[in-house]
Amino acid sequence: MTENTDISTDKTPKPVLNFIQEIIENDIRNNKNDARVHTRFPPEPNGYLHIGHAKSICLNFGLANKYNGKCNLRFDDTNPVKEDVEYVDSIMEDVRWLGFDWEDRLFYASDYFEQIYEFACQLIQKGKAYICDLSAEEISNLRGTTTQAGTESPYRNRTIEESLDLFHRMRAGEFAEGSHVLRAKIDMASPNMHMRDPILYRIIHTEHHRTGNKWCIYPMYDFAHGQSDSLERITHSICTLEFEVHRPLYDWFIRELEIYAPQQIEFARLNLSYTVMSKRKLLELVKNNYVNGWDDPRMPTICGLRRAGYTPESIRNFAETIGVARRDNIIDVALLEHCIREDLNKKAARVMTVMNPLKVIITNYPENQTEELDAINNPEDASMGTRKVPFSREIYIEREDFMEDAPKKYFRLAPGKEVRLRYAYYITCNDVIKDPETNEIIELHCTLDPLTKGGSSPDGRKVQGTIHWVSIQHAQQIQVNLYERLFTKENPEDLAEGEDFKINLNSNSLNVIKAYAEPYLGQNSVSGSKFQFERIGYFCADYNSTNHSPIFNRTVTLKDSWSKMQKS
RNA sequence: UGUCCGAUGGUGUAAUUGGCAACACGUCUGAUUCUGGAUCAGAAGAGUUCAGGUUCGAAACCUGAUCGGACAACCA
């Protein structure tokens, strides 16, 4: 008999590793960095985080969790003119909300300004950096092009002593912005533009949100980022593809400074269909009021998704599902929507609401009678219990759920047809009352079968359709924000010459309506609580919602095979 | 007219590192259901951008082409 001590290894499918995990597992095998795994999420506090950042957060923190390592949160705050505490606060809130914990490892690049200044001095002393007095425009002109070598600055061979003196005086605040910069002395003919004597420090007389007026010179991102990773002993510096061309420069700094070398690994950033992801464009939408702030539920920002009703679990699961690779990608937003439906299906309490009411009078039901019917809160989770739903003679149903000339495939209410009112009775439509002027249907007269109370009939006869309803006298009016995709085009940035991405904005992306809900909804919703409005979609109580005037945001519709059928 | 990176069903991501292309979403059937939801069962859809080469055998390795992306801020 063959030995088979561990059956589970046979059954468990081999976990599929992404290319980063493969690199890390290989490093662990080789005991690189003593098999330590230490990552970081390094945002600049100059905007709100979006779903693309969520991918990076899940990646970095997820890797640390998986390999028993650590992940730092570090703000790359090297440009005081663009950054603000408002952004650092929102970023911390979002990372925490996503479910990740940096413990005591909250850092700022500005924590290292003194050290980075010291690095700069070392470079000058080695003859590897110099102060350049050229203007921004002159520097740009002398940089050459991608196909032509640049020209060396006339200040390039300034003495070490002079550069050092000038650099100290820059720090002391003796010079105006733009008058001097510190540059690395590398190679003006390099095919890599980033190696053509890049700028290391510039003068900015702006108060920094953390260091105040202590500094008037600030390191460039390129001169701060790699060294920050090094100082934090980051083992795997994971970043997006566009920084790949910067890697030789970071490696140059590390080598010249003779400091610990993290390994940079680049991956392709997330693109989502029907939205834009660039901070600049999102800011434009906010600033020009195309949306109502960074946390507008139509925004792909984390706070926007949160306000729309997305859960951290659904976003983490999304990040897991899309994977990580190096090729450009556009993920179908339908996948994100699938992830939130999947999560909310298990968690959200069901409730009946009518969006577009059509009055129904149950003619054989006594006028002053009311009864409480039992309804299941979540058929996917019995532990969520049941509730009472009030029923009476006059109810609202959805206008969509009635058709005068119904095709055979239409399972809902029609003249002479019987349907089930969810958790209530079978009703049959006898009369259609119309406005004599407009010919618009104003109400329906129906009769119920008293034997079908609760929603099933003793004779076992089948009805094709079940529709939701709300008792008029018990109904609470609610405001519902029906959000749709922000853009009409799969790739809003796919534009003809001279066109602006805003021409692809969906003019119908927000529809505010009044709807009617069973009493349970208003009594049980606090800001952020999530519900499934039966047969309609998932909704989340807005933070402006009160018991008196409830407001709900549509997270996502339910899948709707009927409307799909109709289209084809 | 440069350098670097990439290319696998409609969309993503895999393929034990050279051994018959799999998974998820989407799409379509059917079953089931007091949500046209959920669930269950199944199907269609790529022969891996192209052309050569190495090999018994290539999505993978080599060469060339094509297409796409990144790079010339005192932004990150």
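Refer to the structure above for everything that follows.
These figures come from a predicted structure and were not determined experimentally. (Residues numbered from 1 in each chain as written. Chains lettered and ligands numbered in written order. Predicted model: local features only at pLDDT ≥ 70, side-chain atom pairs only at ≥ 80, totals over all residues. Heavy atoms only, no water.)

(A) Region of interest: unusual backbone geometry. The phi dihedral of Tyr423 is positive, around 65°, even though this residue is not glycine. Within the secondary structure layout, Tyr423 lies in the loop between β16 (418–421) and β17 (426–434). Despite not being glycine, Asn439 shows a phi value in the positive range, around 70°. With respect to the helices and strands, the residue Asn439 is situated in the loop between β17 and β18 (441–449). (Helix = DSSP H or I, 4+ residues; strand = E, 2+ residues; numbered from the N terminus.)

(B) Structural context of the sheet that holds strand β7 (residues 217–219). The antiparallel open sheet is built from four strands, whose spatial order is β4-β5-β6-β7. Both outer strands of the open sheet, β4 (129–132) and β7, are each paired with one neighbouring strand and no more. Neighbouring strand axes in the sheet, compared pairwise and without regard to direction, differ in orientation by 20° on average. Where strand β5 (residues 181–184) meets strand β6 (residues 199–203), three bridges bridge the pair, whose relative direction is antiparallel. Looking across to β6, one finds that Leu182 is bridged to Tyr201. Along the sheet face, helix α5 (residues 113–125) touches β4, β5, β6 and β7 and points at about 120° away from the line of β6. (Pairing = 2+ DSSP bridges. Axes fitted to C-alpha atoms, helices over the stretch in contact; angles between N-to-C directions. Contact = heavy atoms within 4.5 Å.)

(C) Just the protein's contact with RNA strand B, in detail. Glu22, Arg350, Arg412, Arg420 and Gly454 are the nearest of the 67 residues found near RNA strand B. By atom count, sugar and phosphate contribute 66% of the portion of RNA strand B lying within 4 Å of the protein. At 3.3 Å, a side-chain N or O of Asp328 approaches a sugar or linking oxygen of RNA strand B. Sorting the residues of the surface near RNA strand B by element identifies α6 (136–142), β6, α12 (312–322), α13 (333–347) and α15 (561–567) as the ones contributing at least two each. Top contributing element to the surface near RNA strand B by residue count: α15, with four residues. Of the residues that constitute the surface near RNA strand B, the class distribution is 25 nonpolar, 19 polar and 23 charged. (Near = heavy atom within 4 Å. Polar contact = N/O pair within 3.5 Å; in protein donor to acceptor, adjacent residues only side chain to side chain. Nonpolar A, V, L, I, M, F, W, Y, C, P; charged D, E, K, R; others polar.)

(D) Seen up close, the pattern of salt bridges. With the rule as written, the count across this model stands at 46 salt bridges. Across the salt bridge formed by Asp459 and Arg461, the nearest N and O atoms sit 3.1 Å from each other. On the basis of relative accessible area, Arg461 is assigned to the partly exposed category, the value being 27%. Because the salt bridges share partners, they merge into one network encompassing Arg40, Arg74, Asp76, Asp229 and Glu232. (Salt bridge = Lys/Arg side-chain N within 4 Å of Asp/Glu carboxyl O. Buried < 20%, exposed > 50% of the residue type's maximum accessible area, 1.4 Å probe, protein only.)

(E) Examining empty space enclosed by the protein more closely. Applying the stated criterion across every chain yields a total of two cavities of 30 Å³ or more. Taken as a whole, the largest cavity encloses approximately 90 Å³ of empty space. Taken together, Gly226, Asp229, Ser237, Arg247, Tyr250, Asp251, Ile254, Ala261, Pro262 and Gln264 form the lining of the largest cavity. At the level of secondary structure, the elements contributing two or more residues to the lining of the largest cavity comprise α8 (221–231) and α9 (247–257). Ranked by residue count, the leading element in the lining of the largest cavity is α9, at four residues. Considering only residue class, the lining of the largest cavity consists of four nonpolar, three polar and three charged. Estimated volume of the second largest cavity: approximately 40 Å³. The set of elements that each furnish at least two residues to the lining of the second largest cavity consists of β14 (386–392) and β20 (469–471). (1 Å grid on protein atoms, 1.4 Å probe; cavity = no way out; pocket = protein on both sides within 12 Å on 5 of 7 lines; lining within 4 Å. Points joined across faces, edges and corners; volume = space filled by probe spheres on them.)

(F) Broad picture of the layout of surface pockets. Quantified by volume, the second largest pocket comes out at close to 1,200 Å³. Taken together, 39 residues form the lining of the second largest pocket, with His53, Glu242, Phe243, Arg269 and Lys279 sitting closest to its centre. Counting residues per element, the ones that place at least two in the lining of the second largest pocket are α3 (51–66), α8, β8 (236–240) and α10 (279–287). A breakdown of the residues in the lining of the second largest pocket according to their chemical character gives 15 nonpolar, 13 polar and eleven charged. Here the lining of the second largest pocket spans two domains, since at least three of its residues come from each of domain 1 (19–267) and domain 2 (272–349 + 478–567). (Domains from an automatic or database assignment.)

(G) How the structure looks around the packing of aromatic side chains. Applying the stated criterion to the full structure yields 23 aromatic pairs. Between Tyr117 and Trp215, the ring centres sit 5.8 Å apart and the planes meet at 55°, which makes this aromatic pair tilted. On the criterion of sequence distance, the pair formed by Tyr117 in helix α5 and Trp215 in the loop between β6 and β7 is long-range, its members being 98 residues apart. Among the residues examined, Trp215 registers a relative accessible area of 4% and is labelled buried. A connected cluster of aromatic rings, assembled from ring pairs, spans Phe113, Tyr117, Phe167, Tyr201, Trp215, Tyr218, Phe223, Trp252 and Phe253. We note Lys281 situated over the ring of Phe501; from NZ or CZ to the ring centre the distance is 5.6 Å. Across from the ring centre of Trp97, 5.1 Å away, lies the NZ or CZ of Arg306, which sits over that ring. (Phe/Tyr/Trp six-rings, centres within 6.5 Å; stacked < 30°, edge-to-face > 60°. Lys NZ or Arg CZ within 6 Å of the ring centre and 35° of its normal.)

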